[in-house]
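Listed below, chain by chain, are the residues.
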There are 2 protein chains.
Amino acid sequence: MKGLEDRIRKEGRVIGDSILKVDSFLNHQVDPVLMDHIGAEFADLFHGVTITKVLTLEASGIAPALAAAYHLGVPLIFAKKSGSHNIGSDVYTSVVHSFTYNRDYTVQVSRAYLASDDRVLIVDDFLANGAAIRGMMELIAKAGASCAGVGVVVEKAFQDGGQQLRSSGVRVESLASIASMKDGEIQFVPEENTGN
Amino acid sequence: MKGLEDRIRKEGRVIGDSILKVDSFLNHQVDPVLMDHIGAEFADLFHGVTITKVLTLEASGIAPALAAAYHLGVPLIFAKKSGSHNIGSDVYTSVVHSFTYNRDYTVQVSRAYLASDDRVLIVDDFLANGAAIRGMMELIAKAGASCAGVGVVVEKAFQDGGQQLRSSGVRVESLASIASMKDGEIQFVPEENTGN
C-alpha cells in the first residue's frame, strides 16, 4: 500500500535494528483517514472471502481493525488482556508471550461473541514474531470457529512470524512489509515478493 | 441519540444498581456502523467549535473516539496506561483512580502530540465519576493546551462526574444519559434535561 509505505518512510523512527516507532499515525496518535484507507484495503484484499467477524487485540489493533470491520460490514471484537478488565468468567483464553517485555500475558474473549460458525479475520497493527496472532488464532480455535485470514498493517518480514503463519496455510496480507531496518534505513519488501 | 438508547435498552445488561454491560456493541464486541453514527453525532454537536485533536484513553474509548476524529477531520491520540507500553520518557502523565478496581494507575501521552495551541476534544465510552476524564484534562493542561469539550457515549447521570465537570465550566455532551438502573431497569434522562 503505497501511501502507507511513504508515511512509514517519512515518519517512522527506527530504534536499533528491529524497533520501528510509528506512533505519529498508527499506534499512539492515529490518522483516521489513513485508518479508513487501511480498512478499505483489507476489505478489497479479502473480497470474496466469507468473513463474519474481525478480531484484534487491545489496544493498538483497534483502530485499523475497526476500519476493516466497517468496510467488511461485520462486527469487530477486541480481545482483552486479563487483569485489566472484568469481562466475566465465561471466556476463551490464551497465553501470549511478549518478546518486547519478556513476559507472558493472557488474552481473552467472551464466549458470547465467537461461535463455531464464525469465520474470523484477524487484524493487527504489527506482525513480527507472530505471538499475538497465534494467541488470537487459539481463541478462534477454542470457539470452534475458523480463521479466514490475517491482515496486518506493518509486517517485519525479517522476523519469522509471517513466514511461519504462511507455511501453516494461513493467508496473511500485510499492507507494508519491511525487509530490513539496518543502520536506521527502512527497506520494504517489493509488493510482488510479499507472497500475497 | 435515539438509536443508541434503543440499543442500550435491547442489549444492555444491568448488574447491581450501577454496572451496565454494553459489550455486545460498544466495548468488547463493537458495531462499526454505530461507531460511525456516534462519530458523526459528536462532530454535529461540536460543529463550530475549534478542535484540533481528539483525545481518549485506551482501550475502550478508541472506537468511538476514532469515529469522532474521522468526522471532525483531526487526528486521534489515545493516552496509554503506563506499565503496559514503552512510549519513552518524554511524556505528560497523570494519575487516575479506578473505582472499579480500587487502585490508581498512571496515564500518559507523548509530549510530541499535544502542543500548547491544541484545542482538544476528549471522547470516552463511559462517564461515571469522571476520574478518567479529569486525568485526560490534566494531560491537556500539562501540555498548556485547552479542552474544547467532552463527548461521552454513555453517561451514568446518577453518579456525579458529569455534574462536576459541567459545574466547572466544561461542556459535556453525552449521547445517552442514564438516570437510574434500579431493579435492573434502565431509565434515561430525557434529552431536553441533559443540560446539553
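Residues numbered from 1 in each chain as written. Chains lettered and ligands numbered in written order. Predicted model: local features only at pLDDT ≥ 70, side-chain atom pairs only at ≥ 80, totals over all residues. Heavy atoms only, no water.

1. Observations concerning the relation of the copies chain B and chain A
Superposing chain B onto chain A takes a rotation of 180 degrees plus a shift of 0.0 Å along the axis, which leaves an RMSD of 0.0 Å. Here the two chains are linked by the operation of a two-fold rotation axis. Relative to the rotation axis, the closest C-alpha in chain B is found at Ala59(B), a distance of 2.5 Å. The overlap is high: 100% of the interface residues of chain B also sit at the interface in chain A, so the same surface is used on both sides. (Least-squares fit on C-alpha atoms with pLDDT ≥ 70 in both. Contact = heavy atoms within 4.5 Å.)

2. Looking at the interface of chain B and chain A
Between chain B and chain A, the contact holds 36 residues from the first and 36 residues from the second. Taken together, the two surfaces of chain B and chain A that pack against each other cover about 3100 Å², and 61% of this comes from carbon and sulfur. The interface formed by chain B and chain A includes zero salt bridges. Where chain B packs against chain A, one counts 14 residue pairs in polar contact (both at pLDDT 80 or more). Broken down by secondary-structure element, the contributors of at least two residues to the side of chain B that touches chain A are β3 (29-30), α2 (32-45), α3 (62-72), β5 (76-81) and β7 (103-110) of chain B. Taken together, the residues that form the side of chain B that touches chain A break down as 20 nonpolar, ten polar and six charged. Relative to β5(B), strand β3 (residues 29-30) of chain A runs antiparallel, the two sharing two bridges. Paired with Val30(A) across the strands is Leu76(B), a residue of β5(B). (Buried area = accessible area lost by both parts, 1.4 Å probe. Salt bridge = Lys/Arg side-chain N within 4 Å of Asp/Glu carboxyl O. Polar contact = N/O pair within 3.5 Å; in protein donor to acceptor, adjacent residues only side chain to side chain. Helix = DSSP H or I, 4+ residues; strand = E, 2+ residues; numbered from the N terminus. Nonpolar A, V, L, I, M, F, W, Y, C, P; charged D, E, K, R; others polar. Pairing = 2+ DSSP bridges.)

3. Some thoughts on the nonpolar core
With 76 residues, the main nonpolar core has Leu4(A), Ile8(A), Leu4(B) and Ile8(B) as its most contacted residues. Apart from the residues lying within four places of it in its own chain, the contact partners of Leu4(A) are Phe25(A), Leu34(A), Ile38(A), Val153(A), Leu175(A) and Ala176(A). Among the nonpolar cores identified, the runner-up in size contains 27 residues, and Tyr105(A), Val109(A), Ala143(A) and Ala145(A) belong to it. (Core = buried A, V, L, I, M, F, W, Y, C linked by side-chain atoms within 4.5 Å. Buried < 20%, exposed > 50% of the residue type's maximum accessible area, 1.4 Å probe, protein only.)

4. Notes on the packing of helix α2 (residues 32-45) of chain A against α3(B)
Packed helices, taken two at a time, are described by their axes: the angle between them and the distance between them. Look at α2(A) against α3(B): their axes get within 8 Å of each other, and the N-to-C directions meet at 105 degrees. With respect to α3(B), the element α2(A) is oriented roughly perpendicular. Taken together, the residues of α3(B) that come into contact with α2(A) (itself represented by Pro32(A), Val33(A), Met35(A) and Asp36(A)) are Leu66(B), Ala69(B) and Tyr70(B). Looking at the contact of α2(A) with α3(B), its residues break down into six nonpolar, no polar and one charged. (Axes fitted to C-alpha atoms, helices over the stretch in contact; angles between N-to-C directions. Parallel < 35°, antiparallel > 145°, perpendicular 65-115°, else oblique.)

5. Points about the confidence of the model for chain A
Should pLDDT be low for a region, the predicted coordinates there are not to be read in detail. Per-residue pLDDT for chain A averages 94, and the proportion of residues at 70 or more is 94%. Scored as a complex, the prediction yields pTM 0.96 and ipTM 0.95. (pLDDT = per-residue confidence, 0-100.)

6. Digging into the side chain of Asp125(B)
Residue position: Asp125(B) is located in strand β8 (residues 119-127). Within the buried set, Asp125(B) has no salt-bridge partner at all; the shortest N-O distance to an opposite charge, 7.2 Å, is to Lys80(A). A polar side-chain atom of Asp125(B) sits 2.9 Å from a polar atom in the side chain of Ser60(B). Excluding its chain neighbours within four sequence positions, the residues that come into contact with Asp125(B) are Leu26(B), Asn27(B), Ser60(B), Gly61(B), Val152(B), Val153(B) and Val154(B). (Lys, Arg positive; Asp, Glu negative; His and termini not counted.)

7. Description of α2(B)
Residue and element names in this part refer to chain B. For α2, spanning 14 residues, the distance from its first C-alpha to its last is 20 Å, which sits close to the expected 20 Å at 1.5 Å a residue. What α2 keeps buried is the set Pro32, Leu34, Met35, Ile38, Gly39, Phe42 and Ala43. The backbone nitrogen of Val33 lies 2.9 Å from a side-chain oxygen of the residue at the head of α2, namely Asp31. (Expected span 1.5 Å × (residues − 1).)

8. Considering the pattern of salt bridges
All told, the structure shown has 18 salt bridges over all chains when counted by the stated rule. The closest approach of N and O atoms between Lys53(B) and Asp118(B), which form a salt bridge, is 3.6 Å. Residue Lys53(B) is located in strand β4 (residues 53-57), and its partner Asp118(B) is located in the loop between β7 and β8; the two are separated by 65 residues in the primary sequence. When salt bridges with common partners are traced through the structure, they connect Arg7(A), Glu11(A) and Asp31(A) into a single cluster.

9. Observations regarding helix α4 (residues 131-142) of chain B
All names here are of chain B. Over its twelve residues, α4 runs 17 Å from end to end, which matches the ideal 16 Å to within 8%, given 1.5 Å per residue. Along α4, the positions that sit buried rather than exposed are Ala131, Ile133, Gly135, Met136, Leu139 and Ile140. The positive-phi residue at the C-terminal boundary of α4 is Gly144, with phi of around 75 degrees.

10. Some thoughts on unusual backbone geometry
All names here are of chain A. In the segment running from Glu58 into Ala59, the intervening peptide bond is cis, with an omega of 0 degrees. Mapped onto the secondary structure, Ala59 falls in the loop between β4 (53-57) and α3 (62-72). Positioned with a positive phi, Asp183 is a non-glycine residue whose angle comes to about 55 degrees.

11. Some details on the packing of aromatic side chains
Tallied over the entire structure, the rule returns zero aromatic pairs over all chains. For Lys81(A), the ring lying beneath its charged end belongs to Tyr105(A), and the centroid distance is 5.3 Å. (Phe/Tyr/Trp six-rings, centres within 6.5 Å; stacked < 30°, edge-to-face > 60°. Lys NZ or Arg CZ within 6 Å of the ring centre and 35° of its normal.)

12. Some details on the environment of Val96(A)
Within the secondary structure, Val96(A) is located in strand β6 (residues 91-98). Through-space distance from the C-alpha of Val96(A) to that of Lys81(A) is 9.7 Å; in sequence the pair is 15 residues apart.

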